[in-house]
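So you can see what is in the structure, the chains are spelled out below.
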Amino acid sequence: MAPRTSTTMRFMAAPTDVLFSDSLGVHGGRVLQWIDKGAYACATQWSSQYCVTAYFGHIHFTRPIPSGHLVEVRSRIAHTGRSSMHIVNEVLSADPRDGVWTRACDCLVIFVAVDEHGQPTEVPSFEPSTPAEKHLKEAALSRIELREAIEEEMAKQVYTDAGTAPRLTTRFLAKPTDVNWGGKVHGGTAMEWVDEAATACSMGWVRRPTVAVYAGGIRFYKPIHIGDLVEVEARLLHTGKHAMHMSVHLRSGDPRTGEDMLQPALHCSATYVSLDDHGRPLTAPQFRPSTPEDRALWQHVETLRGLREQYGPLPLVDDEEGEGGWRVIASSAERR
């Protein structure tokens, strides 16, 4: 019997999924955690192996998910390599009183199957047979060169105390409740930590609640173990009319060796906006780069934006639901 190519999770968004009391909905980090779990289930059922998150890319948050909504996470195999699986994910939600489902987020996730020694192991090859499956594969392949270009650009950047931009650092120990099925910290949990730090940093800049509208270039470098000291540093790099472009580094290691010995575990870029009571974007206070490092990181954001426009990857899903205002925010946030 051939392995299944897709999986769907359905559940209800809880009050504990909302980050702060006056939020319009579930915070982005919790949505990323849901996606990671759905994609993990899809990858594991396809490969029949334990799988680890390798990459999250091109995550567009198009509208908030209110507490109390039914949530559906749809994950589908789009392309396979020797040990990797490219999985397209959609998050939809509906008020259970009317049952009208609309999309809130979509993205591509890459998982790698590993053996009992943690080494990459071969997975079954996926061959698309329907027009929809062929589109998914083309969309996944259209992102490979862009992903490589983004990773190369992100690796060039230097982040030191010479920068004057607002930043926020959190530190804590990874707890047993953070563990996944392989005994390491769940990738979705790490991304939730990243979103929380970036949210706090962006809120400190605008002095009001903010929401994530885009995240990309999320690369996992090493696993995080229970008991590790975790450090998450969020830094503002660039502002547009509405958007605040953030870079977030997560480092981890044995707390007995001290903070200076922590190793990179995750790096990503994300875009945040603040909204009024009706969900409309507010003008962001402007950051003025004043040091060479500030200016280099400001230009880094401009370069990333140019790369995404240059490569123009195919859309992962058809936008046929007509989600409304947040679609406008998410699609144009990096230009603002």
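Below, the structure is looked at part by part.

Scoring rules and cut-offs
- Residues numbered from 1 in each chain as written.
- Predicted model: local features only at pLDDT ≥ 70, side-chain atom pairs only at ≥ 80, totals over all residues.
- Heavy atoms only, no water.
- Helix = DSSP H or I, 4+ residues; strand = E, 2+ residues; numbered from the N terminus.
- Buried < 20%, exposed > 50% of the residue type's maximum accessible area, 1.4 Å probe, protein only.
- Contact = heavy atoms within 4.5 Å.
- Areas by Shrake-Rupley, 256 points an atom, 1.4 Å probe, with all protein chains shown as cover.
- Lys, Arg positive; Asp, Glu negative; His and termini not counted.
- Charge placed at Lys NZ, Arg CZ, Asp CG, Glu CD.
- Phe/Tyr/Trp six-rings, centres within 6.5 Å; stacked < 30°, edge-to-face > 60°.
- Core = buried A, V, L, I, M, F, W, Y, C linked by side-chain atoms within 4.5 Å.
- Salt bridge = Lys/Arg side-chain N within 4 Å of Asp/Glu carboxyl O.
- Pairing = 2+ DSSP bridges.
- Polar contact = N/O pair within 3.5 Å; in protein donor to acceptor, adjacent residues only side chain to side chain.
- Axes fitted to C-alpha atoms, helices over the stretch in contact; angles between N-to-C directions.
- Parallel < 35°, antiparallel > 145°, perpendicular 65-115°, else oblique.
- Left-handed = near helix turned anticlockwise from the far one by under 90°.
- Nonpolar A, V, L, I, M, F, W, Y, C, P; charged D, E, K, R; others polar.
- Expected span 1.5 Å × (residues − 1).

## Structural notes on the overall build of the protein
Inference 1: Looking only at helices and strands, the protein has 6 helices and 10 strands in total.
Inference 2: In terms of overall dimensions, the protein has a C-alpha envelope of 60 × 50 × 40 Å along the principal axes.
Inference 3: Within the span of the protein, comprising 336 residues, buried residues form 53% of the whole.
Inference 4: Long-range contacts, defined here as pairs at least 24 residues apart, represent 77% of the contacts in the protein between residues at least 6 apart.
Inference 5: Carbon together with sulfur atoms contributes 52% to the accessible area of the protein, which is approximately 14,800 Å² in total.
Inference 6: On the protein, the mean spot of the 35 positive side-chain charges and the mean spot of the 42 negative ones are 2 Å from each other.

## Overview of the packing of aromatic side chains
Inference 1: One pass over the structure, following the stated rule, counts 6 aromatic pairs.
Inference 2: Residues phenylalanine 172 and tryptophan 193 carry aromatic rings whose centres are separated by 4.8 Å and whose planes lie at 70° to one another, so their mutual orientation is edge-to-face. Highlighted residues: phenylalanine 172 in strand 6 (residues 167–173) and tryptophan 193 in helix 4 (residues 187–206), separated in sequence by 21 residues.
Inference 3: The class of phenylalanine 172 is partly exposed, set by a relative accessible area of 25%.

## What about the nonpolar core?
Inference 1: By size, the foremost hydrophobic cluster in this structure holds 61 residues, and its most contacted members are Phe56, Met85 and Leu250.
Inference 2: Core analysis: the next-biggest nonpolar cluster, separate from the first, contains 8 residues, Ala78, Val88, Ala139 and Ala140 among them.

## Structural notes on the pattern of salt bridges
Pairs can form between side chains of opposite charge once their charged atoms are near each other.
Inference 1: For the structure on display, the rule yields 21 salt bridges.
Inference 2: Here glutamate 192 makes a salt bridge to arginine 30, at a shortest N to O gap of 2.6 Å. Separated by 162 residues along the polypeptide, glutamate 192 in helix 4 and arginine 30 in helix 1 (residues 28–47) bring together distant segments of the chain.
Inference 3: A relative accessible area of 16% means that arginine 30 is categorised as buried.
Inference 4: Three or more residues are tied together by salt bridges with common partners; here these are Asp161, Arg167, Arg171, Glu231, Glu233, Arg235, Arg251, Glu259 and Glu293.

## A look at the pairing of strand 5 (residues 102–114)
Inference 1: Among the 13 residues in strand 5, 13 count as buried, and that is most of the element.
Inference 2: Note that strand 2 (residues 50–61) and strand 5 share 9 bridges and pair antiparallel. Bridge assignment links tyrosine 55 to a residue of strand 5, and that residue is isoleucine 110.
Inference 3: Across 10 bridges, the pairing between strand 4 (residues 84–94) and strand 5 is antiparallel. Bridge pairing in strand 5 places asparagine 89 opposite cysteine 107.

## A word on the side chain of threonine 189
Inference 1: Structurally, threonine 189 is set in helix 4.
Inference 2: In this structure the side chain of threonine 189 is engaged in a polar contact, spanning 3.3 Å, whose partner is the side chain of glutamine 33.
Inference 3: Leaving out residues up to four positions away in the same chain, threonine 189 has contacts with Gln33 and Asp178.

## Looking at the packing of helix 1 against helix 4
Inference 1: The contact between helix 1 and helix 4 brings their axes to 8 Å, and the two run at 165°. The angle between helix 1 and helix 4 falls in the class roughly antiparallel. As helix 1 packs across helix 4, the resulting crossing turns out to be right-handed. For the pair helix 1 and helix 4, the contacting residues are Gly28, Gly29, Arg30, Leu32, Gln33 and Asp36 in the first and Gly187, Gly188, Thr189, Met191, Glu192 and Asp195 in the second.
Inference 2: For the contact of helix 1 with helix 4, a count of residues per class yields 2 nonpolar, 6 polar and 4 charged.

## A look at the sheet that holds strand 6
Inference 1: Overall, antiparallel pairing links the 10 strands, which are arranged 1-3-4-5-2-7-10-9-8-6 in an open sheet. The two strands at the open ends of the sheet, each matched to only one other strand, are strand 1 (6–12) and strand 6. With direction set aside, neighbouring strand axes in the sheet form an average angle of 25°.
Inference 2: Bridge count between strand 9 (residues 244–253) and strand 10 (residues 263–274): 9 bridges; the pairing is antiparallel.

## What about helix 1?
Inference 1: Compared with the 28 Å implied by 1.5 Å per residue over 20 residues, the 28 Å span of helix 1 between its first and last C-alpha is a close match.
Inference 2: Most of helix 1 is tucked away: 16 of the 20 residues are buried.
Inference 3: Remark: serine 48 follows helix 1 within two positions and exhibits a positive phi of approximately 60°.

## Points about unusual backbone geometry
Inference 1: In the Ramachandran plot, serine 48 falls in the positive-phi region, its phi being about 60° despite a non-glycine side chain.
Inference 2: The topology assignment puts serine 48 in the loop between helix 1 and strand 2.
Inference 3: Phi is positive for histidine 58, close to 55°, though the residue is something other than glycine.
Inference 4: Position of histidine 58 relative to the elements: it lies in strand 2.
Inference 5: Classification of histidine 58 as buried rests on a relative accessible area of 8%.

Read these as geometric descriptors, not functional statements.
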